[in-house]
Amino acid sequence: LLAQLADIRLPSEISWWPPAPGWWLLTVIILVAIVFAWRAYARARDAKLLLSFALAELERCMTTYNEHVSRGDQLAGLNLLNGANTVLRRVALFHNQHSEIASLSGEEWVQFLRASSKSAEPLLDDQLASGFARGRFQRELAVDSEKLHAFATAWIIEQYRQASTTKQRLDTTHNAPQSAEANA
């Protein structure tokens, strides 16, 4: 009886192709994760680049102000305030709906600046607030350039931080500027 039994045959080795469904699923999950990670990285890189453009524009305003002050220009403070105000408005237009921001002026603009930044709000004293509200309509304006620079820098940085923490999409298709500096 034992002589009639055949030898045990081992099954053929399992090939590595095609992989099991679990490997296909894992591959798809990894690819999707890579795409999301790349998009998050690109958004963060773009936001950092735009922040640096905005801060560089603010620094150009300060450099121009210092040059004008050294020449004794009476309009240096007014030009600094208007230049900083322009940079703040560009940043606000980039991070908020145009219909909400574009029409703001005077006290409404100052209220928006205060409401949109809790960390920079203490830096916006009455002199700066008055300058932002009515400064561009004056012939001369004495402004504390260091306070203005500190407020504008803190406000701009907070706008970009808020955008990254709330994960607002930097939608370049709807806000397509001609250059990256236009959004700063």
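Small disclaimer: the values here were computed from a predicted structure and weren't measured.

## Points about the environment of alanine 163
Consideration 1: Its location among the elements puts alanine 163 in helix H6 (residues 145–165).
Consideration 2: Overall, the relative accessible area of 7% leaves alanine 163 in the buried class.
Consideration 3: The spatial distance from the C-alpha of alanine 163 to the C-alpha of asparagine 96 is 9.8 Å, given a sequence separation of 67 residues.

## Things to note about helix H5 (residues 126–134)
Consideration 1: For H5, the complete set of buried residues consists of Leu128, Ala129, Gly131, Phe132 and Ala133.
Consideration 2: Among the structural elements, helix H2 (76–95), helix H4 (107–115) and H6 are those in contact with the buried residues of H5.

## Things to note about the nonpolar core
Consideration 1: Core analysis: the biggest nonpolar cluster contains 38 residues, and Leu88, Trp109, Phe132, Phe151, Trp155, Ile156 and Tyr160 have the highest contact counts within it.
Consideration 2: Going through the elements one at a time, helix H1 (21–70), H2, H4, H5 and H6 are the ones with two or more residues in this core.
Consideration 3: When residues in this core are grouped by element, the largest group, ten residues, is from H2.
Consideration 4: Discounting chain neighbours no more than four positions away, the residues touching phenylalanine 151 are Leu88, Leu113, Ala120, Leu123, Leu124, Leu128 and Phe132.

## With respect to the pattern of salt bridges
Consideration 1: Evaluation of the coordinates by the stated rule reveals five salt bridges.
Consideration 2: Aspartate 46 is paired through a salt bridge with arginine 45; the nearest N and O atoms lie 3.5 Å apart.
Consideration 3: Under the relative-accessibility criterion, arginine 45 is labelled partly exposed at 38%.

## Some remarks on unusual backbone geometry
Consideration 1: Of the consecutive residues tryptophan 17 and proline 18, the connecting peptide bond is found in the cis state with omega at -5°.
Consideration 2: Topologically, proline 18 is positioned in the segment before H1.

## Section: the side chain of histidine 149
Consideration 1: You can see histidine 149 is positioned in helix H6.
Consideration 2: Under the relative-accessibility criterion, histidine 149 is labelled buried at 18%.
Consideration 3: Leave out the neighbours within four places in its chain, and histidine 149 touches Leu58, Glu59 and Met62.

## Considerations on the confidence of the model for the protein chain
Consideration 1: Of the residues in the protein chain, 89% have a pLDDT of 70 or more, and the chain-wide mean is 85.
Consideration 2: Across the protein chain, element-level confidence peaks in H1 with a mean pLDDT of 96 and bottoms out in helix H3 (residues 98–101) with 82.

Reading the values: rules and limits
Residues numbered from 1 in each chain as written. Predicted model: local features only at pLDDT ≥ 70, side-chain atom pairs only at ≥ 80, totals over all residues. Heavy atoms only, no water. Helix = DSSP H or I, 4+ residues; strand = E, 2+ residues; numbered from the N terminus. Buried < 20%, exposed > 50% of the residue type's maximum accessible area, 1.4 Å probe, protein only. Contact = heavy atoms within 4.5 Å. Core = buried A, V, L, I, M, F, W, Y, C linked by side-chain atoms within 4.5 Å. Salt bridge = Lys/Arg side-chain N within 4 Å of Asp/Glu carboxyl O. pLDDT = per-residue confidence, 0-100.

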